[in-house]
Amino acid sequence: MNFLMDNKNNILSSSGNFSKGLSPLDFVVFDISEFNQKNEKNYSLEIKGKKYKVDVKKIKTSEELYHINISSEQKDFYKNIFKESILAIATHRMIFDEKGQPVDYIFTDINEEFKNLTGLNSDVLGKTVLETLPETEKFWIKKYGEIVKTGKSERFQNYSVAFDKWFDVFVFKNQKDFFTTVFRDITEEKKTRDDLAYTKDFLDNIISSMPSMLIGIDKDYKINEWNVKASEITGIPEEKALGKDLRDIIESHIIQNALTSCDKENSVVKMDRVKGLINGRNDLILEVLIYKLDENIKDGYVLILSDISERIHLQEMMIQNEKMISVGGLAAGMAHEINNPISGILQGVQNIKRRLSPDFAKNIAAAERFDIDLIKLNDFLDDRKIDLFLDGIEESGFRAANIISNMLQFSGKSAGERKQIILKELIERVYELASNEFDLSKKVDFKKIQVDMSKVEEDIMLHCVDTEIEQVLLNLVINAAHAVFSHRKDDGRINFITKRKDDKIFIEVEDNGPGIDETLKTRIFEPFFTTKEAGEGTGLGLSVSYFIIKEHHGGDIYVSTGEMEGTRFTIILPGGRKNGK
Ligand SMILES: Nc1ncnc2c1ncn2[C@@H]1O[C@H](COP(=O)(O)OP(=O)(O)OP(=O)(O)O)[C@@H](O)[C@H]1O
Ligand SMILES: [Mg+2]
């Protein structure tokens, strides 16, 4: 057993007999002062459970040691391992205070790479770390202290202020308070790793925050990228989508064709207004962009699917609005023009009827002057059905006047005064009115239709011209009842639903009638558009409703297919409040 000692004689490192299975990692390092203090001749030392007797007198310096006990090959070998290691290696002795807390440590040996890496040299040997590098963080001393105390080796990465570097450090205990650190500089590596992680996070963020679906597939259509929007729209979470065949999720022939042309022309394929592409989502209108990835890096394709339903809907609404405003303006202008002659006709008929009546003294006197019997004249009118013609003129006049008063609503000005009302009460009133209206009609048995108002919220207040909103809802119910009754006789249903979101009020009227053909959806709001037989509907109901909601109340009205597969009209009105607020 021999020991290694530095030239200053206060540090002693030792090596067991290597040939007996000890490695340089078993170097034992201790302070010679211990021997001096103990003043013993023999000192017993334990390495790896084996006891070695140490003859203090025979303690050699490191230089001597290499010459004495190790064969020259072994000497070179271990010297090289320590000296020439590409890793920085240093041995230290931990200093504990009286409470047993680690407070500092002494450099006991350092190799070449340690010098290169830290810029320190052999002068540090025998000195403590805080003496040499006062800015050393407590972390290092504490960490090494624990390792020395527990004897458990550890590998960790940490930043050192003293060197302004990141280190990957392996630390193990030697003997007593001594420990060895083996480390390398990972500052660059860590920066690259951090940059890479940042770039990855950044890219992930871009992909997941994209307002469009982004799907990546390999050349066999297996999905390898599936962003948040894709999960949202398809309802399929990322973990379920990854690895699946895209054709199981997306209408295959459209994609197949697109991918083929993408392959052939090696270009970006763009498809506008694609419908029914995603299984189970027939309501979506998508814009599709497909491009091929660079084969040299990764084979596959990227698909970007953007939901443009809202945009298309808005565009259609804008066109609709333009059309309605011009048609409405025309209708309102015409209504003004026709109003006067119609009034003339109505007044004329009413005057004729009044002046022929035997109930007025003035008529009787005038008749006498011409020697006419008024009673007989009335019998004649009756016999020749002239009074019926007059009634007919009057009735037609009233109908025309009614149409005109509806058309005058298109002029943009609202007739009524705005009030704060409770929406539920208004809807109940509309239901009453509809029941009365249908009581007289033989075409629709309103009692047979189940009207559900359970989803009408109790406490929604609305600031509106109540008579106008009543007119709109009445028209919607009447339309719904007609549609439902034309379609089914017994299980007709109409649902009223109201909701409040932020400060908007949503009113929905939904039926289980035949629904409205897609091609007619934009036309139903036009004035005079009706599918009802002549005399049964003027086709003004929805156009008047449209103007009342959009022009008079600054809201919105649109039609869609409801949950009952029939028709759903949705009205959105601004400025809603909760009752009592
Ligand atoms: N709930 C519905 N289900 C099916 N079709 C409907 C529904 N509501 C309206 N429609 C269609 O829209 C057309 C226009 O409706 P609108 O209320 O403007 O006029 P109308 O009901 O025909 O006549 P008016 O209301 O003037 O008596 C109707 O003729 C009908 O074809
Ligand atoms: Mg109608």
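Residues numbered from 1 in each chain as written. Chains lettered and ligands numbered in written order. Predicted model: local features only at pLDDT ≥ 70, side-chain atom pairs only at ≥ 80, totals over all residues. Heavy atoms only, no water.

Caption draft 1: Local environment of the nonpolar core. Core analysis: the largest hydrophobic core is formed by 55 residues, its most contacted members being Phe 446, Ile 449, Leu 473, Ile 494, Phe 525 and Ile 571. With 11 residues, helix α16 (residues 466-487) is the largest single contributor of residues to this core. Two domains share this core, each providing at least three of its residues, namely domain 3 (312-411) and domain 4 (419-578). Each residue touching Ile 494, except ones within four places of it in the same chain, is listed here: Phe 446, Ile 449, Gln 450, Val 451, Asp 452, Val 477, Ala 480, Ala 481, Val 484, Val 509, Glu 510 and Asp 511. Judged by nonpolar contacts, the second largest core, of 29 residues, contains Ile 217, Ile 250, Leu 286 and Val 288. (Core = buried A, V, L, I, M, F, W, Y, C linked by side-chain atoms within 4.5 Å. Buried < 20%, exposed > 50% of the residue type's maximum accessible area, 1.4 Å probe, protein only. Helix = DSSP H or I, 4+ residues; strand = E, 2+ residues; numbered from the N terminus. Domains from an automatic or database assignment. Contact = heavy atoms within 4.5 Å.)

Caption draft 2: Geometry of the coordination of the magnesium ion (ligand 2). Coordination sphere of the magnesium ion (ligand 2), protein contribution only: Asn 475 (OD1) and Asn 479 (OD1), at 2.1 to 2.5 Å. Of this pair, Asn 475 and Asn 479 are both found in helix α16, four residues apart, which corresponds to roughly one turn of the helix. (Donors = N, O, S within 2.8 Å, 3.2 Å for Na, K, Ca; no water.)

Caption draft 3: Structural detail: unusual backbone geometry. Of note in the backbone geometry, Lys 176 takes a positive phi value of approximately 50° without being a glycine. In this fold, Lys 176 is placed in the loop between β9 (165-173) and β10 (178-185). Judged by its relative accessible area of 43%, Lys 176 falls in the partly exposed class. Of note in the backbone geometry, Glu 565 takes a positive phi value of approximately 70° without being a glycine. Secondary-structure assignment places Glu 565 in the loop between β21 (556-560) and β22 (567-574).

Caption draft 4: Highlighting the packing of α16 against helix α17 (residues 541-552). Two elements in contact, α16 and α17, have axes whose closest approach is 9 Å; the angle formed by their N-to-C orientations is 145°. For the pair α16 and α17, the sense of crossing is left-handed. Contacts from Glu 468, Ile 469, Gln 471, Val 472, Asn 475, Leu 476 and Asn 479 in α16 reach Gly 541, Leu 542, Val 544, Ser 545, Ile 548, Ile 549 and His 552 in α17. Of the residues assigned to the contact of α16 with α17, the class counts are seven nonpolar, six polar and one charged. (Axes fitted to C-alpha atoms, helices over the stretch in contact; angles between N-to-C directions. Left-handed = near helix turned anticlockwise from the far one by under 90°. Nonpolar A, V, L, I, M, F, W, Y, C, P; charged D, E, K, R; others polar.)

Caption draft 5: Quick peek at the sheet that holds β21. Reading across from one edge, β17-β19-β20-β22-β21 is the order of the five strands in this open sheet, with mixed pairing throughout. Across the chains shown, the open sheet's two edge strands, defined by having one partner strand only, are β17 (450-455) and β21. Each strand of the sheet is rotated relative to its neighbour by a mean of 15°, with strand direction disregarded. Bridge count for β21 against β22 is five bridges, and the pairing is antiparallel. Bridged to Ile 557 within β22 is Ile 571. Taken strand by strand, α17 contacts β21 and β22, and its axis lies near 135° from that of β21. (Pairing = 2+ DSSP bridges.)

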